[in-house]
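In case you want the letters, here they are:
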Amino acid sequence: MERGIALLRAFRPGLELLGNGELAERTGLSRATVSRLSQTLVRTGFLEYDAASRAYRLGAPVLSLAHAMRSGSPVLRVAAPWMRELAQARRINVGVAVADGDDMVYLESVRYSRKISLRNVVAGQRVPIELTSLGRAYLAALPDAARNAWIAAMKRRRPGHGPALVAEIDDARDSIARRGWCMAAWQPGVVALSTPLVLDDGAIYALNVSVATGDPPQIAARTLAEDLLRLKRRIVQALEAELGAGA
């Protein structure tokens, strides 16, 4: 099962069609194993075979699983209406994401940017943990041992960039400890603030707000921070009330 899931995870935006060789390279599995697993996934509908390109694409059942996950998420059920309300009222972008490997995956993204942006973030999109405010907020909420292990792996993936990124991650942790949020401007003209949302069961989510602006990041952060922390309080209070009602 783990190997079959590894094949499905190899598909990303821009990699819609993958052959056996590419799947083997991206998963580290042998071509024989990939061939056997891909045939099983085709039979179950999770992959479709494109005869012209001799490659596979994801099948519709993958999308149905994503829909079931989103509709069954208590966090999204509580957070999504307030995220839309905030995004529309303030003309900003609001998102919530969780970690998956080396990336944060958006569960919801409501886009009301004040400026037209070339980048359109949607649910399911992945962004790198170490470069984004979402990822750094997630790392700040991790237990020390787990965070240190993740950082050690990141240094191996990014030789030469590790020390600078670790310093930025440490700055983000300090910002969250002092102010409740951290900031990143890893894309030109876009300022993003994030805060961790840790549930009673230990699950870690990250909330963010962002805006395309020509203002200096610290200026844009003043109003964004207030909006972000207010949204977090509303979500936490609603989840606590829901949990209490079900007790």
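In the nomenclature of an unreviewed UniProt entry, the protein corresponds to IclR family transcriptional regulator from the organism Bordetella flabilis.

Visitor: Sorry if this is basic, but what is going on with the overall build of the protein here?
Guide: Per the secondary structure count, the protein includes nine helices and eight strands. Computed over the C-alpha atoms, the radius of gyration of the protein is 20 Å, within 12% of the 18 Å expected from 2.2 N^0.38 for a compact globule of 247 residues. Among the 247 residues that make up the protein, the fraction classed as buried is 40%. Excluding contacts between residues fewer than 6 apart, the proportion of contacts in the protein whose partners are at least 24 apart in sequence is 53%. If you sum the accessible surface of the protein, you get close to 13400 Å²; carbon and sulfur atoms cover 54% of it.

Visitor: So what exactly am I meant to see when it comes to the domain arrangement of the protein here?
Guide: By convention, interface size is frequently given as the accessible area that disappears when the constituent parts associate. Domain assignment breaks the protein into domain 1 (1-60) and domain 2 (73-245). If you average the C-alpha positions of domain 1 and of domain 2, the two centres end up 31 Å apart.

Visitor: Would you mind showing me how to read the pairing of strand β7 (residues 190-198) here?
Guide: Two faces belong to every sheet, and in a regular strand the side chains alternate between them. In terms of burial, β7 is a largely internal element, eight of the nine residues being buried. By the bridge criterion, nine bridges tie β7 to strand β8 (residues 204-212) in an arrangement that is antiparallel. Looking across to β8, one finds that V191 is bridged to V211. Hairpin connection from β7 to β8: five residues lie between these consecutive antiparallel strands, with G202 at a positive phi of about 95°.

Visitor: How should the nonpolar core be read in this particular structure?
Guide: Generally speaking, soluble globular proteins have nonpolar side chains that are buried together. Formed by 28 residues in total, the largest nonpolar core has its most connected members in V94, L193, V209 and I235. Put simply, the parts of the chain that give this core at least two residues each are α5 (74-90), β3 (93-100), β4 (103-110), β7, β8 and α9 (217-246). If one sorts the elements of this core by residue count, α9 sits on top with eight residues. With 21 residues, the next largest nonpolar core counts I129, A137, I176 and A206 among its residues.

Visitor: How do you make sense of the pattern of salt bridges when you look at a structure like this?
Guide: Should the charged atoms of two oppositely charged side chains come close, the side chains can pair. This model, assessed by the stated rule, comprises 17 salt bridges. Here R126 makes a salt bridge to D100, at a shortest N to O gap of 2.8 Å. You can see R126 sitting in strand β5 (residues 126-128) and its partner D100 sitting in strand β3, a full 26 residues away along the chain. For R126, a relative accessible area of 25% puts it in the partly exposed group. Linking R157 and E130 is a salt bridge whose minimum nitrogen-to-oxygen distance equals 3.5 Å. Pair noted here: R157 is in helix α7 (residues 144-157) and E130 is in the loop between β5 and α6 (133-141), with a separation of 27 residues, a long-range link. Beyond isolated ion pairs, a larger network of salt bridges with shared partners links R9, R12, D100, D103 and R126.

Visitor: Would you take a moment to explain the environment of L63 for this structure?
Guide: Among the secondary structure elements, L63 is positioned in helix α4 (residues 60-72). With relative accessibility at 63%, the residue L63 sits in the exposed group. C-alpha of L63 to C-alpha of V211: the two residues are 148 residues apart in sequence and 29 Å apart in space.

Visitor: I would appreciate a short explanation of the packing of helix α2 (residues 20-27) against helix α3 (residues 31-43) in the present structure.
Guide: Contact geometry of α2 with α3 gives a least axis separation of 9 Å together with a crossing angle of 110°. The angle between α2 and α3 falls in the class roughly perpendicular. Between α2 and α3 lies a crossing whose hand is right-handed. Along the contact surface, α2 presents N20, G21, L23, A24 and T27, while α3 presents R31, V34, S35 and S38. Across the contact of α2 with α3, the residue classes tally to three nonpolar, five polar and one charged.

Visitor: What am I meant to see in the UniProt feature "domain: HTH iclR-type" (unreviewed entry) in the protein here?
Guide: When the UniProt feature table is mapped onto this chain, "domain: HTH iclR-type" (unreviewed entry) is found at residues 1-60. End C-alpha atoms of residues 1-60 are separated by 19 Å, and the span's content is 50% helix alongside 13% strand.

Visitor: Just to check I follow, could you spell out the pairing of strand β1 (residues 47-50) for this structure?
Guide: In this structure, β1 lies alongside strand β2 (residues 55-58), joined through four bridges in antiparallel fashion. Following the sheet pairing, D50 is matched in β2 by A55. Counting the residues in the hairpin turn of β1 and β2 gives four residues, including R54, whose phi is positive at 55°.

What counts as what
- Throughout, a residue's number is its position along its own chain's written sequence, starting from 1.
- For a predicted model such as this one, the threshold for reporting local features is a pLDDT of at least 70, and the threshold for listing and counting side-chain atom pairs is 80 or more; totals across whole chains, interfaces and linings nevertheless cover every residue.
- By convention in this description, side-chain values take in all heavy atoms of the structure and omit both hydrogens and water.
- The numbering of helices and of strands both runs from the N terminus, where a helix is a DSSP run of H or I of at least 4 residues and a strand a run of E of at least 2.
- Restricting the calculation to C-alpha atoms gives the radius of gyration, and the globule rule supplies 2.2 Å times the number of residues raised to the power 0.38.
- Under the scheme applied here, a residue whose accessible area is under 20% of the maximum for its type counts as buried, over 50% as exposed, and between as partly exposed, the area being computed with a 1.4 Å probe on protein chains only.
- In what follows, residue pairs with any heavy atoms lying within 4.5 Å of each other are defined as contacts.
- What sets the accessible areas is the Shrake-Rupley method with a 1.4 Å probe; for residues, cover comes only from the shown protein chains.
- Residue ranges assigned to each domain were obtained from an automatic or database domain assignment.
- Here the rule is simple: two strands pair whenever DSSP picks up at least two bridges between them.
- Take the buried residues of types Ala, Val, Leu, Ile, Met, Phe, Trp, Tyr and Cys, join any two whose side-chain atoms come within 4.5 Å, and each joined set is a nonpolar core.
- Definition used for salt bridges: Asp or Glu carboxyl oxygen within 4 Å of a side-chain nitrogen of Lys or Arg.
- Here an angle of 0 to 180 degrees is reported between the N-to-C directions of two axes, which are lines fitted to C-alpha atoms, with helices fitted over the stretch in contact.
- Should an angle fall under 35 degrees it is called roughly parallel, over 145 degrees roughly antiparallel, and 65 to 115 degrees roughly perpendicular, with every other angle called oblique.
- Each crossing is labelled by how the near helix is turned from the far one, with a counterclockwise turn of less than a right angle marking it left-handed and a clockwise turn marking it right-handed.
- Amino acid classes used here: Ala, Val, Leu, Ile, Met, Phe, Trp, Tyr, Cys and Pro are nonpolar; Asp, Glu, Lys and Arg are charged; the rest, including Gly, are polar.
- UniProt positions are given in the numbering used here, feature names are shortened, and annotations may be inferred rather than shown by experiment.

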